[in-house]
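Here are the chains, one letter per residue:
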Amino acid sequence: MRERRQYPRYVVEGLDVFVDGMSVHTLDVSAVAVRIVAPDRTPARRSVRLRFESHPDMPALTADVDGQLLRATQLEAVYAYVAPAADWGERLADYDTFRQLHIAELED
Amino acid sequence: MDPALLQTLLTAGPSRRLDVLASSQELRSKDPAAPLMFNTPYLNRSVILKFVDPKGSDQADRRSGAMPKPIRTLIYLPYDVTDPPAGGESLLYSRRALRRLHFQKTNEEPDGQGSFAADEATMQALDDVPAFNPFLLRDAFERAGLPLHEAYLDLDQGTAKRIRRRLLLRIRPLIVAVLGSSSGLVGEALEHMVDAFLDPARKEELRPLAAALHLRSDDAVEVLGAWAGIAYFEEELERLTPQIASLAQWLATSPRPRERVPPSAAKDFASQIQRIRIGVRTAWQSLQAILGQYQASYRSLVVDSQPAPFVEFLRDCRQHYWSAGDLFGRFEQSIYGWRVLTQNYQDESLPLIQYTDLLAFLLRTHLLGRENVLEAPAAERPAAASPA
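Heads up: these notes are all about the structure in this document. (Residues numbered from 1 in each chain as written. Chains lettered and ligands numbered in written order. Predicted model: local features only at pLDDT ≥ 70, side-chain atom pairs only at ≥ 80, totals over all residues. Heavy atoms only, no water.)

To continue, consider unusual backbone geometry. Residues and elements named next belong to chain B. Of note in the backbone geometry, asparagine 107 takes a positive phi value of approximately 65° without being a glycine. With respect to the helices and strands, asparagine 107 occurs in the loop between helix 4 (95-106) and helix 5 (114-127). With relative accessibility at 62%, the residue asparagine 107 sits in the exposed group. Of note, histidine 214 is a non-glycine position whose phi angle comes to about 60°, a positive value. By secondary structure assignment, the location of histidine 214 is in the loop between helix 9 (207-212) and helix 10 (220-252). (Helix = DSSP H or I, 4+ residues; strand = E, 2+ residues; numbered from the N terminus. Buried < 20%, exposed > 50% of the residue type's maximum accessible area, 1.4 Å probe, protein only.)

This is the structure we're talking about:
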């Protein structure tokens, strides 16, 4: 099993994250952890329910998982979770904001 | 101006050509009281073009030590407003040149005040962008605090929303990475700063971010704006990539004219095609390099907490922004011209006259001002081609 920090982290677009039903601003997501903007004026909860939900114009993806607080500051909180599918990391890569930069060399 | 060059410039896509004349006429036909782009009538009859000047940047820019711009702004005033390609006056923009033109046209000495001063500010805003794409244009006018009627923008709201959303998603992690928890910044204040990033009127709020990124306060907004502008070219390149690939594939088939030509002419055509291919490939690689560096430096900051590459990227960010605008404009223009000149000849060879026009057009588009970086290595020079 890889160490958590070794998983690629994506700055995602078209994929919303909810913490206990509340929409949050995502900073980045990996296959095993999600970093979000910390809730204002309330301490981050230790155990939460995380929901990932894609926008209608993006490849469909929905998942509900348990999240455990790994780290929290007044600005950000990191929750670890167990990937809900074997190909979860690859599926998250579809939402990477830089995905279109992987345009292949011109085949001329 | 050379008529062939004029034709090339006037058939450019929206990144290179701002048809003030056509937009003003259309606007006035719908609303006779609508404010036009300029106060001075002759400027509202102009076509503003981005022009790759082989001689390089403005002498005044060089003397002042300003960043050299690979693209100049050219004001074209058609003699006949019903037929702009038939000929006209053209002027490479500089503040001094515009004042000279104004004196010639009106016999009035500009005094830096009044309605012409507003026109000078408008021209400067147009000169301050590497391309006229609506998103960039609107941003430049907002930054300069100048009004601009939507009729001049033809802005696709879907694209504008998509770019803005993408930028917001990238800016939030960026601010968190740069300012971190030690800044005392919390959720709501963070969101204010994220919004301020895309609102030129609130540039003062970006001061802490600019300081943390080692940006000078007097050009921080311009640098951060250039960084955001690169995201625009990234989005547009994604849209244009299939067409660029089609052009590259067409060139790779070593197209020949329909008519038989002497061996020497065939050899010359093959050589021109090879030069265009190198031009296209080099431009593609240059654009990819800029976007790759843009991505790598961002990831290094946001994911690896290593700010140095990002700070370094920002140092040259305006240059990257202008280069990306230049390269993107070349692609857009070549795709546009290629489509127009081949549209009646699907899967057929072009007649000789269209064929030579197209090669000349693509050579001008891709090689003008870049000859020094496009010298073909000996191994890539074409072997003698056989006649058609």
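Residue and element names in this part refer to chain B. Mapped onto the fold, isoleucine 71 is located in the loop between helix 3 (59-64) and strand 3 (72-78). Note on isoleucine 71: relative accessible area 1%, which makes it buried. For the pair isoleucine 71 and leucine 49, spaced 22 residues apart in sequence, the C-alpha separation works out to 9.7 Å. Apart from the residues within four sequence positions on either side, isoleucine 71 is in contact with Lys50, Phe51, Val52, Pro130, Trp322, Gly325 and Asp326. (Contact = heavy atoms within 4.5 Å.)

Our focus in this paragraph is helix 10 of chain B. A bend of about 50° at leucine 240 of chain B is the largest found in helix 10 of chain B, and the proline proline 242 of chain B appears one to four places after it. Positive backbone phi, approximately 45°, marks serine 254 of chain B, located one or two places after helix 10 of chain B. (Bend = angle between axes of the 7 residues up to and from the residue.)

Right, let's talk about the nonpolar core for a bit. Grouped burial of nonpolar side chains is what soluble globular proteins tend to show. By size, the foremost hydrophobic cluster in this structure holds 112 residues, and its most contacted members are Leu126, Phe197, Leu209 and Trp227 of chain B. It is helix 10 of chain B that provides the largest number of residues to this core, a total of 16 residues. In this structure, Val24, Val34, Val48 and Tyr81 of chain A belong to the second largest nonpolar core, which totals 25 residues. (Core = buried A, V, L, I, M, F, W, Y, C linked by side-chain atoms within 4.5 Å.)

Moving on to the side chain of arginine 35 of chain A. Note that arginine 35 of chain A resides in strand 4 (residues 33-37). Within polar-contact distance, the side chain of arginine 35 of chain A engages the backbone oxygen of valine 302 of chain B at 3.5 Å. Not counting residues within four places of it along the chain, the set of residues in contact with arginine 35 of chain A comprises Arg9, Thr26, Leu27, Asp28, Arg71, Glu76, Ala77 and Val78 of chain A together with Val176 and Val302 of chain B. (Polar contact = N/O pair within 3.5 Å; in protein donor to acceptor, adjacent residues only side chain to side chain.)

Turning our eyes to something else, we now look at the interface of chain B and chain A. Listed per partner, the contact involves 38 residues of chain B and 31 residues of chain A. Carbon and sulfur atoms make up 55% of the area that chain B and chain A hide from each other, which totals about 3,200 Å². For the interface between chain B and chain A, the tally reads two salt bridges. Between glutamate 13 of chain A and arginine 166 of chain B there is a salt bridge, with the nearest N and O atoms lying 3.0 Å from each other. At the junction of chain B and chain A, the tally comes to eight residue pairs in polar contact (both at pLDDT 80 or more). Among the elements that take part in the side of chain B that touches chain A, helix 11 (residues 263-302) of chain B stands out by supplying 12 residues, more than any other. (Buried area = accessible area lost by both parts, 1.4 Å probe. Salt bridge = Lys/Arg side-chain N within 4 Å of Asp/Glu carboxyl O.)

This next bit is on the sheet that holds strand 3 (residues 26-29) of chain A. Taken in spatial order, the seven strands make up an open sheet running 2-1-5-6-7-4-3 (chain A), and their pairing is antiparallel. In this open sheet, the two strands that pair with only one neighbour each are strand 2 (22-24) and strand 3 of chain A. Between one strand and the next, the sheet's axes are offset by a mean angle of 35°, whatever the strand orientation. As judged from the three bridges shared by strand 1 (residues 15-19) of chain A and strand 2 of chain A, these two strands associate in the antiparallel manner. In the sheet register, phenylalanine 18 of chain A faces strand 2 of chain A, and the bridge partner there is serine 23 of chain A. Along the sheet, helix 7 (residues 157-179) of chain B contacts strand 3, strand 4 and strand 7 (76-81) of chain A; its crossing angle with strand 3 of chain A, the most-contacted strand, is approximately 90°. (Pairing = 2+ DSSP bridges. Axes fitted to C-alpha atoms, helices over the stretch in contact; angles between N-to-C directions.)

Glancing now at the sheet that holds strand 4 (residues 88-92) of chain B. All names here are of chain B. One open sheet holds the four strands; their spatial order is 1-2-3-4, and the pairing between them is antiparallel. Both outer strands of the open sheet, strand 1 (17-18) and strand 4, are each paired with one neighbouring strand and no more. For strand 3 and strand 4, the ladder comprises five bridges, and the chain directions are antiparallel. Paired with tyrosine 76 across the bridge in strand 4 is serine 90. Packing of helix 4 onto the sheet brings it into contact with strand 3 and strand 4, and relative to strand 4 it is tilted by some 150°.

Scanning the entire structure with this criterion turns up 15 aromatic pairs over all chains. Taking 5.4 Å as the distance between ring centres and 65° as the angle between the ring planes, the aromatic pair formed by phenylalanine 98 of chain A and tyrosine 298 of chain B counts as edge-to-face. With phenylalanine 98 of chain A in the segment after helix 1 (88-93) and tyrosine 298 of chain B in helix 11, the pair connects residues from two separate chains. Comparing phenylalanine 98 of chain A with tyrosine 298 of chain B, the two get one shared label, buried. By the ring-pair criterion, three or more aromatic residues cluster together here, those being Phe98 of chain A together with Phe197, Trp227, Tyr294, Tyr298, Phe310 and Phe313 of chain B. (Phe/Tyr/Trp six-rings, centres within 6.5 Å; stacked < 30°, edge-to-face > 60°.)

Before going further, it helps to examine the pattern of salt bridges. Residues and elements named next belong to chain B. If you walk through the whole model with that rule in mind, you get 27 salt bridges over all chains. Here arginine 216 makes a salt bridge to aspartate 219, at a shortest N to O gap of 3.5 Å. With a shortest N-O distance of 3.3 Å, aspartate 219 and arginine 318 are connected by a salt bridge. Here the residue aspartate 219 occupies a position in the loop between helix 9 and helix 10, and arginine 318 occupies one in helix 13 (residues 317-342), the gap between them amounting to 99 residues.

Quick look at the side chain of arginine 299 of chain B now. Position of arginine 299 of chain B among the secondary structure elements: in helix 11. A distance of 2.5 Å separates a polar atom in the side chain of arginine 299 of chain B from a polar atom in the side chain of aspartate 96 of chain A.

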